[in-house]
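# Summary of structural features
Here is how the chains run, residue by residue.
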Amino acid sequence: MTPITTTAELAVFCDKLKGQPFVAVDTEFMRETTYWPKLCLIQAAAGSAEACIDPLAEGMDLEPFLAIMRDQSILKVFHAARQDVEIFNNLQAMPRPLFDTQVAGMAAGFGEQIAYDALVRQMLKIELDKSSRFTDWARRPLSENQLTYAIADVTHLAALYPILRERLESEGRLGWVTDEMANLTDPAIYDVEPENAWKRLRPRKHAAKYMAVYKAVAAWRERTAQTRDQPRGRILKDEAIDEVATQAPTDADQLDRLRSVPKGFSGSRFGPDLLAAVREALKDPEAYAPVVERNRTAASPAAGAVVELLKVLLKARAEEAGVASKLIATVSDLEQIANDDAAETSALKGWRREAFGEDALKLKRGELALVLDGARVRVVEVRRTPKAASAG
């Protein structure tokens, strides 16, 4: 097949997409050595229209396709959408509304994070050729095998979507994935503002001095990675941010003593700027440090054991419902429930509360028990025996 390489050709193709109820979309990109993903190919299919679009073609303007991504009347169907959505968000074209067949697959009983080829195999009985999976999509010209592989990612996706949606509707589970789809198109999760970079990490302390330096170093790394277009980890590892925040070095000698910082880092082009960021944060830690929300309820001594019981309950209920446990609750949700019956967690709201949350609270209260029945765990109600009247 021949890819679309001109803006005029793209406009003609996009005219065919207008008015379609949905369009299946996939991208091929490279980002192993860069901060920003390099978009190398876009695949799209809707109705009888399908094409590979070459964003690297000279003079190509993607605006006709970006307008389709912004069109609220057309549903955009992806598989494992997060990185694709990140790319379109960077292009100011958040693809709404969205349907992710990987998330839908979890609600339909296909397990957690099912791969696209596995979903196609199970639902369409088609075996995909994955020989071009690991290829250099930035090289031109693209081979016929590469283009055939690429377009199959959306032609089969377009066939999958109606079947998967109908299955979820018939089982009353389409609403189960609605929240997840909304989360995927929340701009906040794709925020690359350097001052917010610390939020993606896991600070180990809450003291103002530690958090001020932590935030400053994370912001410095984010700005540097963006400016140089290099992966964050190539600038500084996450564990180094924690150690710098803990030790708060203010000169080259102190910086070079840190175990997680590369040898000679202070003398590199990065060292002086990093130290300057630390010193700036230390001028007024109380003012610069971000406010970190902490759990409303302190962990009880038995919380760890309760979490382990909740994990077993979650697995049992997920298996009974034929849904991936990850879609119902995360370990973080379980930890919050273990510490607080009124925790602000999605596992205690809506369909998740009905499928699991209510039982989780009953288990905590001793109203449910977990019983091993062969290789299977059963959940049974505990019948409380009334206390005998005391003899008078």
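Here, every reference points to the structure presented above.
Our subject in this report is the structure included herewith. All of these numbers come straight from a predicted model, not from anything done at the bench.

### Let's talk about the layout of surface pockets
- One number sums up the size of the second largest pocket: a volume of about 310 Å³.
- In terms of lining, the second largest pocket is formed by 16 residues, of which the most central are Arg-31, Glu-86, Val-192, Arg-200 and Arg-232.
- Here the lining of the second largest pocket takes four residues from helix 3 (residues 82-90), the largest share from any one element.
- When its residues are assigned to classes, the lining of the second largest pocket shows seven nonpolar, three polar and six charged.

### Quick look at the environment of Ala-118
- Structurally, the position occupied by Ala-118 is in helix 5 (residues 116-124).
- In this structure the C-alpha to C-alpha distance between Ala-118 and Leu-128, which are ten residues apart in sequence, comes to 8.9 Å.

### Some details on helix 2 (residues 63-70)
- Those residues of helix 2 lying buried are Phe-65, Leu-66, Ile-68 and Met-69. For helix 2, the arc enclosing every buried residue in end-on projection is 150 degrees, short of the 170-degree limit, so these residues lie on one face.
- Where helix 2 is buried, its residues contact helix 1 (7-17), strand 1 (22-30), strand 2 (38-46), strand 3 (49-53), strand 4 (75-78) and helix 3.

### Considerations on the packing of helix 16 (residues 331-339) against helix 17 (residues 350-365)
- Where helix 16 contacts helix 17, the two axes come as close as 10 Å, and the packing angle between them is 45 degrees. For the element pair helix 16 / helix 17, the angle class is oblique. By crossing handedness, the relation of helix 16 to helix 17 is classed as right-handed. Residue-level inspection shows Leu-334, Ile-337, Ala-338 and Asn-339 of helix 16 in contact with helix 17, the latter providing Phe-356, Ala-360, Leu-361 and Lys-364.

### Description of helix 8 (residues 208-228)
- With 21 residues, helix 8 extends 30 Å between its outermost C-alpha atoms, agreeing within 8% with the 30 Å of an ideal straight helix rising 1.5 Å per residue.
- Summarising burial for helix 8: 17 of the 21 residues are buried, a large majority.
- Positioned one or two residues after helix 8, Asp-229 has a phi angle of 55 degrees, which is positive.

### Considerations on unusual backbone geometry
- The linkage connecting Arg-96 with the following residue, Pro-97, adopts the cis geometry, with an omega of -10 degrees.
- Following the sequence through the fold, Pro-97 ends up in the loop between helix 3 and strand 5 (98-100).
- Here the amide bond leading from Arg-140 into Pro-141 is cis, since omega sits at 0 degrees, within 30 degrees of zero.
- Its place among the elements puts Pro-141 in the loop between helix 5 and helix 6 (144-170).

Rules used throughout
Residues numbered from 1 in each chain as written. Predicted model: local features only at pLDDT ≥ 70, side-chain atom pairs only at ≥ 80, totals over all residues. Heavy atoms only, no water. 1 Å grid on protein atoms, 1.4 Å probe; cavity = no way out; pocket = protein on both sides within 12 Å on 5 of 7 lines; lining within 4 Å. Points joined across faces, edges and corners; volume = space filled by probe spheres on them. Helix = DSSP H or I, 4+ residues; strand = E, 2+ residues; numbered from the N terminus. Nonpolar A, V, L, I, M, F, W, Y, C, P; charged D, E, K, R; others polar. Buried < 20%, exposed > 50% of the residue type's maximum accessible area, 1.4 Å probe, protein only. Arc of directions from axis to C-beta. Contact = heavy atoms within 4.5 Å. Axes fitted to C-alpha atoms, helices over the stretch in contact; angles between N-to-C directions. Parallel < 35°, antiparallel > 145°, perpendicular 65-115°, else oblique. Left-handed = near helix turned anticlockwise from the far one by under 90°. Expected span 1.5 Å × (residues − 1).

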